[in-house]
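# Structural overview for review
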Amino acid sequence: MIQYNQIPSPCFVLNERKFRENLALIRSVSEAAKVEIILAFKAFAMWSAFPIVKKYIQTSTASSLAEARLAFEEMGNKAHTYAPAYTDKEFMEIAQYSSHISFNSIAQFQKFYPKIAGQNISCGLRINPEFSGVGTDLYNPCSPGSRLGILAENLGNKLPEGVEGLHFHTLCESNSFDLEKTLLVVEKKFGHLLIQVKWLNMGGGHLMTRKGYNVEHLIQVLQAFKAKYPHLHIILEPGSAFAWETGDLVATVQDIVDNKGVKTAMLDVSFSCHMPDCLEMPYKPAIIGGLEPQVGLPTYRMGGNSCLAGDFYGDWSFEKPLQIGDLIIFQDMIHYTMVKTTMFNGVTHPAIGIWTLDNKFKLIREFGYADFKGRLS
Ligand SMILES: Cc1ncc(COP(=O)(O)O)c(C=O)c1O
């Protein structure tokens, strides 16, 4: 059990035990299905935890030069890189840190492939199967007019010389049945191309560590697909699944304001700066001790500490009235949080720490004025 009163507020705290449980499950799927599962940095790039990751999983994806370099420096391996558009300025450095590079269009492939041909970097194309069960457009790579991936009708029957793999990413917090349906569409639209490549990257969104996810079914789906295409090396690159429910954001009530009966607990964290998905998706995070609003119980919005008018979320009821100084623990705040934070308004960035296996708090990093100033000039 994490002792929250031992943690400085505000702070992102990774629960090492839960993190290792996720890693162990992911490794077991990889071994049972004989597929490569790699960590998507875009969801989780807390590199102080990479020594733990490396005990289970060796490789990672990158979606930029910075992530590719981090893979090389901190995971000690070259990345599977996919970015929506590579630039002349960065491409050769990205290539230095990548074992695989997927391109979002044929034009990008044709422009950059000649620069790395013969360098032992396996190149692929991102395809768009135009099929996804993701309900939120912001997270749906297959929504009409999407800029991500090449449509079957634009690819023809023969892949360009030098293409060794195909990559699709269509899922988001999805289950194995969504993957199964997607694979049927991929086969229908791109099956004739699968025999021309060596690998297929099935992207992210496989939330295999969520309670109730049918892991056995995922393994069966992958095994069945591999049986059909034995020549293919299969890669999955989930992000959220690695960090799902592995830690919290610890915050503290600094003030309570009342506007015609609407009470807001003013915190030392911000939805906009530290939990942006809550506003973007949007979704309501779980708070320890926070209940769905109930008549008769003290009820509050949680107010962020930036000046953005919409930097709040509500409502939660509590058994007892909140007091200044009370801890507010936002749960499941490790994926797509640290990687997305900003220092908008100069608000203090939460510290980063680990609650270790031997039940101790290890502070990894605090942030201050130099970090704010260093991003500007
Ligand atoms: C290309 C690609 N791969 C992998 C992922 C990771 O997805 P998730 O964190 O949902 O598993 C994403 C997420 O946006 C992505 O765009």
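Sequence positions are assigned chain by chain, starting from 1 and proceeding in written order. Local features are withheld for residues below a pLDDT of 70 in this predicted model, meaning they are given only at 70 or higher, and side-chain atom pairs are given and counted only at 80 or more; totals for whole chains, interfaces and linings count all residues. Excluding hydrogens and water, the side-chain values take into account all heavy atoms of the structure.

## Overview of the overall build of the chain
Secondary structure follows DSSP: runs of H or I at least 4 residues long count as helices, runs of E at least 2 residues long count as strands, and numbering of each begins at the N terminus. Of the regular secondary structure elements, the chain holds 11 helices and 18 strands. For 377 residues, the compact-globule estimate of 2.2 N^0.38 gives 21 Å, and the chain sits close to it at 22 Å. Once the C-alpha set of the chain is aligned to its principal axes, its extents read approximately 65 × 45 × 45 Å. Taken over 377 residues, the chain has a buried fraction of 51%. Contacts are assigned to residue pairs with any non-hydrogen atoms lying within 4.5 Å of each other. Look at the contacts in the chain between residues 6 or more apart in sequence, and 68% of them connect residues 24 or more apart. For the chain, the accessible area works out to roughly 17300 Å², and carbon and sulfur atoms hold 52% of it. In this tally, Asp and Glu contribute negative charge and Lys and Arg positive charge; neither His nor the terminal groups of the chain are included. Note that the charge is assigned to NZ on lysines, CZ on arginines, CG on aspartates and CD on glutamates. Taken as two groups, the 35 positive and 37 negative side-chain charges of the chain have centres that lie 4 Å from each other. Radius of gyration here uses only the C-alpha atoms, and the compact-globule reference equals 2.2 Å multiplied by the residue count raised to the power 0.38. Burial status follows relative accessibility: with a 1.4 Å probe on protein chains alone, a residue under 20% of its type maximum counts as buried, one over 50% as exposed, and anything between as partly exposed. For the area figures, the Shrake-Rupley method with a 1.4 Å probe applies, and any residue is considered shielded solely by the protein chains shown.

## Description of the layout of surface pockets
Taken as a whole, the second largest pocket spans an internal volume of roughly 690 Å³. Put simply, the grid is 1 Å and covers the protein atoms alone, a cavity is a trapped set of points that fit a 1.4 Å probe, a pocket is an open set with protein on both sides within 12 Å along at least five of seven lines, and lining residues have an atom within 4 Å of a point. Forming the boundary of the second largest pocket are 20 residues, of which A45, W47, M338, I352 and F367 lie nearest the centre. For this classification, Asp, Glu, Lys and Arg are treated as charged, while Ala, Val, Leu, Ile, Met, Phe, Trp, Tyr, Cys and Pro are nonpolar and the rest, including Gly, are polar. Looking at the lining of the second largest pocket residue by residue, the classes come out as 12 nonpolar, four polar and four charged. Grid points are joined across faces, edges and corners, and a volume is the space filled by probe spheres set on the points.

## A closer look at the site of the ligand
If you check the shell around the ligand, you find 13 residues, and the closest are G205, E237, G239, S240 and Y336. Side-chain atoms alone can form a polar contact between residues adjacent in sequence; in general such a contact is a pair of N or O atoms within 3.5 Å, and within protein one must be able to donate a hydrogen while the other accepts it. At 2.7 Å from a nitrogen atom of the ligand is found a side-chain nitrogen or oxygen belonging to E237. In isolation the ligand exposes 390 Å². Once the protein is present, 86% of that is buried. Broken down by class, the residue content of the shell around the ligand amounts to four nonpolar, six polar and three charged. A cutoff of 4 Å decides nearness: a residue is near a molecule or strand if any of its heavy atoms lies inside that distance of it.

## Concerning the environment of E319
With respect to the helices and strands, E319 occurs in the loop between β15 (312-317) and β16 (327-331). Remark: the alpha-carbon pair of E319 and P10, spanning 309 residues in sequence, is separated by 23 Å. Among residues more than four places away in sequence, those in contact with E319 are L291, L297 and P298.

## Considering empty space enclosed by the protein
Evaluated as defined, the whole model comprises one cavity of 30 Å³ or more. In this structure, the largest cavity spans a volume of roughly 50 Å³. Around the largest cavity, the lining residues are H80, T81, Y82, H100, I101, S102, H167, W199, N201 and E237. Of all the secondary structure elements, the ones that give two or more residues to the lining of the largest cavity are β5 (79-82), β6 (98-103) and β10 (199-201). Here the residues of the lining of the largest cavity are counted per class, giving three nonpolar, six polar and one charged.

## Here we look at helix α7 (residues 215-228)
Expected helix span is computed as 1.5 Å times (number of residues minus one). Compared with the 20 Å implied by 1.5 Å per residue over 14 residues, the 20 Å span of α7 between its first and last C-alpha is a close match. Among all positions of α7, only V215, H217, L218, I219, V221, L222 and F225 are buried. The inward-facing, buried residues of α7 abut α1 (16-33), α6 (176-194), β10 and β11 (233-236).

## Structural notes on the nonpolar core
Residues enter a nonpolar core if they are buried and are Ala, Val, Leu, Ile, Met, Phe, Trp, Tyr or Cys, with the set joined through side-chain atoms within 4.5 Å. By size, the foremost hydrophobic cluster in this structure holds 98 residues, and its most contacted members are F44, M202, M302, I328 and F330. With residues near it in sequence (within four places) discarded, F330 still touches D248, L249, A251, L267, V269, F271, M275, P285, A286, I287 and M302. By size, the runner-up hydrophobic cluster in this structure holds 10 residues, among which are I7, V250, I329 and W355.

## As for the pattern of salt bridges
One side-chain nitrogen of Lys or Arg within 4 Å of one carboxyl oxygen of Asp or Glu is enough to make a salt bridge. Taken as a whole and assessed by the stated rule, the structure comprises 14 salt bridges. R69 is the salt-bridge partner of E73, the closest N and O atoms lying 2.7 Å from each other. In this pair, E73 and R69 are both assigned in helix α3 (residues 65-75), four residues apart and thus about one turn of the helix distant. Residue E280 is joined to K340 by a salt bridge in which the shortest nitrogen-to-oxygen separation is 3.2 Å.

## Let's talk about the pairing of strand β14 (residues 299-303)
DSSP calls a pair of strands paired once it identifies at least 2 bridges connecting them. Two strands pair when backbone bridges link them, and strand β13 (residues 262-267) and β14 are joined in this way by three bridges, in the parallel orientation. Residue A265 lies in a different strand from β14, and its bridge partner there is M302.

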